[in-house]
Amino acid sequence: MWSGKHVIDHWGQQVVSQNIQYTGNGKLRHFLSIDGLRKETLEQILVTAEKFTQFGQRDIKKLPLLRGHTVVNLFFENSSRTRTTFEIAAKRLSADVINLNPTTSSTSKGETLLDTVNILEAMHTDLFVIRHAKSGVAELIAAHVPDHVHIINAGDGQHAHPTQAMLDMFTIQQYKGPFHKLRVAIVGDILHSRVARSQIHALNTLGAHEIRVVAPNSLLPAQIERLGVHSYTDLSQGLDGVDVVMMLRLQKERMHNAYLPSEQEYFNLYGLTTESLAAAADDAIVMHPGPINRGLEISSEVADGPRSVILPQVTNGIAIRMAVMAMILGGESNG
Amino acid sequence: MTKKIDVEVSTLLDKLVTDITPLLATNPIIIGIHTGGSWLADILHDRLGITEPCGSLDISFYRDDFSRIGLNPQVKASHLPMDISNRHILLVDDVLQTGRTIRAAMNEIFDYGRPASIRLCVLVERKGHELPIQADYCGMSLELRPDQQVKLCGPENMSLIIGDSKS
């Protein structure tokens, strides 16, 4: 039963309650937000994903774990790579996958969000992967589904994108080793970014040495330092000596309130180029959740350069999503 | 309560090496099931003088009780370095009881390719078969109560331990 408490965080966003993501005996039930998850859970996701990476190289890229389970990708907001990697991940685990884009189906006929979910649940769906432009939708649905139905948040508004953060953590660990030694800079539109929020929670939970956010004042949430990060408005200071540079997409669709004087000026001050990257450690890696705005937040030279791990991030997204789905759907009758 | 079985594992291995030796004519690949089976496979591999590296399987992703008990957090990566298609395989495990582990292992092997044959070698066979799976090579048979467990400890100074129920 739903008994969680709603808390408002410094961004004015509702924080997922501690309890709803776990069953009574501590098993992962939903995956809605990094916030509220235990360090051991995040570590187990990383370890499990590591095991799944090898299957991508095998002749038969399928495991039988989710045979007979139905996964519905319910994407109220557009996505290509996230939806595709969720679909591939579910199919590699032998689940049946249905992709729905409800903006073009029943919701446009007036059906409510929970009606849509109830209808699909009546078709014996085991797991919903949900993306929505409004913060809190995945949690709202999680609070209303029966015990045997599970929810994964694939991005809700400006709130959270936890599988993206976990594939980023996996990629960091793969290239840079243990978190306690690492300085990480997150650069760009922090204010609108659900990715940044999830990354900060994940890096904090996994014990990163230092987390920095770098952005113009207009794109930095007030009191962000209370999340345990250092904020910088100067790119070269923010990147000084860091091991990992995590770029964010400039969300042009949310830029109608004059956050920036001009795109060119933004690129001049905050764009990641070979020159600005020189401030980071010599072996620093460059990450980006995609899609990339080339020449706006990152130059092509860097995005396609030797320190970019943008494509490995995409590949790792499959293993991470397999891990989360397997952990959620396994051991149900005990949970 | 646990007690050590008064049988030397090395004696059982001597018997297995003798029994398996005729199979060498088929140039088999040895694959051990994690964890105990892998220890035994390594030893058999050396004693039989097989040159191709040993494979190891962690069948956690193939278990038929996944939906009941979930993923084993200690799952290890499987490692079958060689092409197994049309090859003769010697599958090694420590204890054969229900046969479910062997079924899962065979399912996984077939996802790597289609072997010419699979032979099963176990250190201990005990009653409680739930599937039509028998060992081709067996170190010893044990009669145990259903609530008793037998476990191979190792990998150094391997010994067989009997314990009362699951703890």
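Keep in mind that what you see is a predicted model, and the values were worked out from it rather than measured.

Asker: Now, about the overall build of chain A: what can you tell me, with residues and values included?
Answerer: A count of helices and strands for chain A gives 11 helices and 11 strands. The buried share among the 335 residues of chain A stands at 48%.

Asker: Any chance you could break down helix 1 (residues 9-20) of chain B for me, citing the residues and the numbers?
Answerer: Since the α-helix advances by 3.6 residues per turn, residues separated by three or four positions end up pointing in the same direction. All names here are of chain B. The end-to-end C-alpha distance of helix 1, which contains 12 residues, comes to 16 Å, matching closely the 16 Å that a straight helix rising 1.5 Å per residue would cover. Of the residues making up helix 1, those classed as buried are Val9, Leu16 and Ile20. Angular distribution of buried residues about the axis of helix 1 spans 25 degrees; they occupy a single face of the element. Helix 1 presents Ser10, Thr11 and Thr18 as exposed residues on the side facing more than 90 degrees away from its buried surface. Tucked inside the fold, the buried residues of helix 1 contact helix 2 (36-47), strand 4 (88-96), strand 5 (117-126), strand 6 (137-142) and strand 8 (159-164).

Asker: I'd like a description of the environment of Arg47(B), backed by residues and values.
Answerer: Counting through the fold element by element, Arg47(B) comes out in helix 2. Under the C-beta neighbour-count criterion, Arg47(B) is labelled partly exposed, with 14 such atoms within 10 Å.

Asker: Kindly report on the domain arrangement of chain A, identifying the contributing residues and their values.
Answerer: Residue and element names in this part refer to chain A. Split into domains, chain A comes out as domain 1 (7-160 + 315-329) and domain 2 (162-309). Contact with domain 1, which involves 28 residues of that partner, is made by 22 residues of domain 2. When the residues that make up the side of domain 1 that touches domain 2 are grouped by side-chain class, the tally is 14 nonpolar, 9 polar and 5 charged.

Asker: Can you lay out the packing of helix 1 of chain B against helix 2 of chain B for me, pointing to particular residues and giving the numbers?
Answerer: Residue and element names in this part refer to chain B. For the pair helix 1 and helix 2, interaxial distance at closest approach is 11 Å and the crossing angle is 55 degrees. Considered as vectors, helix 1 and helix 2 are oriented oblique to each other. The element helix 1 and its partner helix 2 pack so that their crossing is right-handed. Contact residues: helix 1 offers Leu13, Leu16, Val17 and Ile20, while helix 2 offers Ile43, Leu44 and Arg47. Partitioned by chemical class, the residues of the contact of helix 1 with helix 2 number 6 nonpolar, no polar and 1 charged.

Asker: Account for the sheet that holds strand 2 (residues 29-33) of chain B, with residues named and values stated.
Answerer: All names here are of chain B. With parallel pairing, 5 strands are arranged side by side in an open sheet as 3-2-4-5-6. Sheet topology places strand 3 (55-57) and strand 6 at the edges, where each strand pairs with a single neighbour. Between one strand axis and the next, the sheet turns through 25 degrees on average, direction left out of account. Pairing of strand 4 with strand 5 involves 8 bridges; the strand directions are parallel. Across the sheet, the residue bridging to Val92 is Cys121, located in strand 5. Contacts from helix 1 reach strand 4, strand 5 and strand 6, with the element oriented near 140 degrees to strand 6.

Asker: Tell me what's going on with the interface of chain B and chain A, and back it up with residues and numbers.
Answerer: Every contact between the two is made by 15 residues of chain B and, on the other side, 19 residues of chain A. For the side of chain B that touches chain A, the element with the highest residue contribution is helix 3 (residues 66-69) of chain B, accounting for 4 residues. The residue inventory of the side of chain B that touches chain A, partitioned by class, reads 9 nonpolar, 4 polar and 2 charged.

The rules we used
- Residues numbered from 1 in each chain as written.
- Chains lettered and ligands numbered in written order.
- Predicted model: local features only at pLDDT ≥ 70, side-chain atom pairs only at ≥ 80, totals over all residues.
- Helix = DSSP H or I, 4+ residues; strand = E, 2+ residues; numbered from the N terminus.
- Buried ≥ 20, exposed ≤ 12 C-beta atoms within 10 Å, placed from the backbone.
- Expected span 1.5 Å × (residues − 1).
- Arc of directions from axis to C-beta.
- Contact = placed C-beta atoms within 7 Å.
- Domains from an automatic or database assignment.
- Nonpolar A, V, L, I, M, F, W, Y, C, P; charged D, E, K, R; others polar.
- Axes fitted to C-alpha atoms, helices over the stretch in contact; angles between N-to-C directions.
- Parallel < 35°, antiparallel > 145°, perpendicular 65-115°, else oblique.
- Left-handed = near helix turned anticlockwise from the far one by under 90°.
- Pairing = 2+ DSSP bridges.

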